[in-house]
Amino acid sequence: MLGYVVWVAFCSPTTTGVSKQDIREQIWDYMESQDIADFPRPVHHRIPNFKGASRAAEHFPRLQEFRMARTIKVNPDAPQKNARFFVLDSKKTLLVPTPRLRTGLFNRITPPPGATKDILRKCATSQGVRNYSVPVGLDSRVRVDLVVVGSVAVSEKGWRIGKGEGYADLEYALMASMGAVSSGTPVVTIVHDCQIVDIPEVLLEGHDLTVDYILTPTRVITTGCARPRPAGVLWSKISCEMMGKIPILRSLRSREKQAGKDVTLQDEHQHALETRSPHTAPPSAVRRPCNPPQLEVGEDVPSNSVYVGNLPGDARASELKRALRERDAAPPRLTWQGPQRRAFLHYRDPAEAQRAVSCLQGLHLGASTLRVALARQPRTRDMTGGRAGEPHPVSRPSDL
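Attention now goes to the sheet that holds strand S8 (residues 187–190). Read from one edge to the other, the open sheet built from eight strands follows the order S4-S3-S2-S1-S5-S8-S9-S10, with strand pairing classed as mixed. Only two strands of the sheet have a single partner each, and these edge strands are strand S4 (133–136) and strand S10 (220–222). The average angle at which neighbouring strand axes cross in this sheet is 25 degrees, direction not considered. Relative to S10, strand S9 (residues 213–215) runs antiparallel, the two being bridged by three bridges.

Once that is clear, we can look at the pattern of salt bridges. In this structure the tally under the stated criterion is 15 salt bridges. The closest approach of N and O atoms between Arg229 and Asp212, which form a salt bridge, is 2.6 Å. Within this pair, whereas Arg229 is found in the loop between S10 and helix H9 (240–245), its partner Asp212 is found in the loop between S8 and S9, the two being separated by 17 residues in sequence. Arg229 sits in the buried class, given a relative accessible area of 16%. For the salt bridge of Arg348 with Glu352, the shortest nitrogen-to-oxygen distance reads 3.4 Å. Residue Glu352 is classed as buried on the basis of its relative accessible area, which comes to 16%. Residues participating in the shared-partner salt-bridge network are Lys20, Glu205, Asp208 and Lys237.

What follows deals with the packing of aromatic side chains. Summed over the entire model, instances satisfying the criterion amount to three aromatic pairs. Ring centres of Phe60 and Phe66 lie 4.8 Å apart, and the angle between their planes is 65 degrees; this geometry places the pair in the edge-to-face category. Like Phe60, the residue Phe66 is buried in the burial classification. A cation over a ring is seen here: Lys92 above Phe66, with NZ or CZ 5.2 Å from the ring centre. Cation over ring: Arg121 sits above Phe85, and NZ or CZ is 3.8 Å from the ring centre.

Reading guide: rules and limits
Every chain's residues receive numbers from 1 upward, in the order its sequence appears when written. Two thresholds apply to this predicted model, a pLDDT of at least 70 for residue-level local features and 80 or more for giving and counting side-chain atom pairs, whereas whole-chain, interface and lining totals are computed over all residues. Side-chain numbers here rest on the full set of heavy atoms in the structure, without hydrogens or water. Strands were regarded as paired on the criterion that DSSP finds at least two bridges between them. Strands are runs of DSSP state E lasting at least 2 residues, helices are runs of H or I lasting at least 4, and numbering of each runs from the N terminus. Working convention: axes come from line fits to C-alpha atoms, limited for helices to the stretch in contact. Angles between N-to-C directions cover 0 to 180 degrees. Salt bridge criterion: a side-chain nitrogen from Lys or Arg within 4 Å of a carboxyl oxygen from Asp or Glu. Type-normalised accessible area, obtained with a 1.4 Å probe on protein chains alone, sets the label of each residue: buried when under 20%, exposed when over 50%, and partly exposed for intermediate values. Any two of the Phe, Tyr and Trp rings considered here, Trp counted by its six-membered ring, make a pair once their centres fall within 6.5 Å; the pair's planes then place it as stacked at under 30 degrees, edge-to-face at over 60, or tilted in between. Here, a charge over a ring means that NZ of Lys or CZ of Arg falls within 6 Å of the ring centre while also lying within 35 degrees of the ring normal.

That's the geometry; what it means functionally is another story.
So, in structure tokens, the structure goes:
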């Protein structure tokens, strides 16, 4: 425990001006440098997996809240795999959020009849979540009795920092909006001891999710946190870009607008100024309305190929392949175009390509967030300089 005390003293953010990202980077760096991190690595930009995660999860079924719960929502990250298994093994209903909320809110995991413990363990993996699940939408009457979230950092007061994309906070807000959780629904996180640090209260915002229990390989912490959680989606924190990416947000916003609620978005007023007629605004200021982002490659019907852009200039094909395997989205064939900082992934059919697009959103290589979209055939001269009707170049295909 001495090393843990030294680590907390080192990284406790008592200096003014510290940010959530500073805390994330300290923890990610420490877990890698001390070889605490576990697959998938590096843990940067992730909810970090760690050695001892299975042991930490063993506390979960011992909680009174677990024994009383019938329906439990667990995040899909690697350190919570054992928690998902315990839910299934206890014959409780397991809900897992869909990746980046692209295709809805939850998947309900439905193991095959007579499933053995080995099969249940497979159902608890990311691949199992895809193979043994049915979607649960906004209209469902689901009631969640217990919530498990991942964390990058958490304090003994119950204050939590995620990986920086806000999906756990948004998932909880959506559940609150649909009546699936209440202010009394317990929230649990599973972390390594080194992820427990002091977090300045000034960093907390109204949409931040707090936790009631922290499970580590060595202890169970009851936080007693009384800070109010979001009672629904705070639309003033939602951007037009996020609205375009998450269909379930658009559905909920439409319902709440009809109910007379204020659903003004974070950048809606600025957006209205930018989308005025060119006669009233400079052409450079005119932008598209809040629709889903347009695909970067061409405009025609989707094929069975996926475009990956914004690759780091020094990236290698092997690094991308490894990242694809970690997301269980490795294609049979890959076309590497490193000098153009892009690649094309070729799948067996369009449905498989579409699933890969959902799985790969937010994928990082180094410090770069990759752009992922269905590849399309260009109608006019495109970014490669090809003529109309010519497909994008295919070179150096390789098998994963």
